[in-house]
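# Chains, contacts and geometry: an overview
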Amino acid sequence: MERAARVLTGTRPRPLPALVLALTLVAGGFAAWTGQDWYRAAHDDRAAYAAQRDEALAAGEQAVQNLNTLDHRDVERGLDLWESSTTGELHDQLASGRKEFTEQVKAAKTVTTARVLSGAVTELDDRAGRARVLVALRVTVRASDGARTDKDSRMLGELTRTAGRWKLSALGQAPVGGAPAG
């Protein structure tokens, strides 16, 4: 009887090492699965595309706001901001007409400020470095006599990436209601 008791106690499985082994395997599997998930997310092109879209939108909204804001008391600074926000043909047009425009704004003695209400990227070609944005803004014009006029406007802008930075290359009014785009 004593011998039978020794044989049974010697072959009894130990639950603690088996549990540790099982938990180690589960933890290792979980780590491998999450590591693979993290790697896929870190190397996903969609994240980079979304970042470019957000960057283009922010630059587009700021540039449209800049081009709709001008103070007759500091026209040069305002026009410098216009030029730094633009590129291409739009930039050339602003630079070439700067002197005449300065004279017109100083004579009118107006202060124009713009506030972006909302914006969206309507097109993005990240590889070519081109984007289009639609920006809704409220433009406030204050005349020298103190009269104030608010106007809501929708603008379509084209952006071009230059030296890693998005700049406005074209700007126009968005068609309203049933008006055809021209």
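Bear in mind that the values here come from a model prediction, so they are computed numbers and not experimental data.

A few words on the overall build of the protein. Along the protein, the regular secondary structure elements total six helices and five strands. The secondary structure elements of the protein, listed N-terminal to C-terminal, are α-α-α-β-α-α-α-β-β-β-β. For 182 residues, the compact-globule estimate of 2.2 N^0.38 gives 16 Å, and the C-alpha radius of gyration of the protein, at 32 Å, exceeds that figure by more than 25%. Seen through its principal axes, the protein has C-alpha atoms that stretch 120 × 40 × 35 Å.

Turning to a nonpolar patch on the surface, a few remarks are in order. On the surface, L16, L19, V20 and L23 cluster together to form a nonpolar patch covering roughly 410 Å² of accessible area. Positionally, V20 belongs in helix α2 (residues 15-42).

On to the sheet that holds strand β1 (residues 70-71), then. Taken in spatial order, the five strands make up an open sheet running β1-β2-β3-β4-β5, and their pairing is antiparallel. This sheet does not close on itself; its edge strands, each paired only once, are β1 and β5 (165-173). The pairing of strand β3 (residues 130-142) with strand β4 (residues 148-162) spans 13 bridges and is classified as antiparallel. Bridged to R138 within β4 is D152.

Ranked by size, the top nonpolar core spans 22 residues in total, and within it L137, L159 and L168 carry the most contacts. Looking at which element gives the most residues to this core, the answer is β3, with five residues. Setting aside residues up to four positions removed in sequence, L168 forms contacts with A63, V64, L67, S85, T86, T87, L90, G157, E158 and L159.

This structure, assessed with the given rule, holds two aromatic pairs. Consider the rings of F30 and W33, whose centres lie 5.9 Å apart with planes at 55°: the pair is tilted. With F30 and W33 both in helix α2 and three residues apart, the pair spans about one turn of that helix. A residue is classified by how much of its surface remains accessible, and W33, at 52% relative accessible area, is exposed. Between W82 and F101, the ring centres sit 5.3 Å apart and the planes meet at 45°, which makes this aromatic pair tilted. Linking W82 in helix α4 (residues 75-84) with F101 in helix α6 (residues 98-108), this pair joins segments that are 19 residues apart in sequence. Classification of F101 by relative accessible area gives partly exposed; the value is 29%.

What follows is about α6. Considered for burial, the residues of α6 that qualify are R98, T102 and V105. Along the axis of α6, the buried positions cluster into a sector of 70°, meaning they face one direction only. Of the residues in α6, the exposed ones pointing more than 90 degrees away from the buried face are K99, Q104 and A107. Two residues or fewer past α6, K109 is found with a positive phi of approximately 55°.

Quick look at the pattern of salt bridges now. Taken as a whole and assessed by the stated rule, the structure comprises 13 salt bridges. For R77, the salt bridge identified is with D74, shortest N-O distance 3.5 Å. Assessed through its relative accessible area of 37%, D74 is described here as partly exposed. Put simply, R138 and D152 hold a salt bridge, and the shortest N to O gap is 2.6 Å. Highlighted residues: R138 in strand β3 and D152 in strand β4, separated in sequence by 14 residues. On the basis of relative accessibility, which here comes to 29%, the residue R138 falls in the partly exposed class. The class of D152 is partly exposed, set by a relative accessible area of 46%. Here the salt bridges do not stand alone but share partners, grouping E76, D80, E83 and R98 into one network.

Calculation criteria
- Residues numbered from 1 in each chain as written.
- Predicted model: local features only at pLDDT ≥ 70, side-chain atom pairs only at ≥ 80, totals over all residues.
- Heavy atoms only, no water.
- Helix = DSSP H or I, 4+ residues; strand = E, 2+ residues; numbered from the N terminus.
- Rg over C-alpha atoms; globule rule 2.2 N^0.38 Å.
- Patch = residues over 30% accessible without salt bridge, like charges linked within 9 Å, V, L, I, M, F, W, Y side chains within 5 Å.
- Areas by Shrake-Rupley, 256 points an atom, 1.4 Å probe, with all protein chains shown as cover.
- Salt bridge = Lys/Arg side-chain N within 4 Å of Asp/Glu carboxyl O.
- Pairing = 2+ DSSP bridges.
- Core = buried A, V, L, I, M, F, W, Y, C linked by side-chain atoms within 4.5 Å.
- Buried < 20%, exposed > 50% of the residue type's maximum accessible area, 1.4 Å probe, protein only.
- Contact = heavy atoms within 4.5 Å.
- Phe/Tyr/Trp six-rings, centres within 6.5 Å; stacked < 30°, edge-to-face > 60°.
- Arc of directions from axis to C-beta.

Interpretation in functional terms is not warranted from these geometric data alone.
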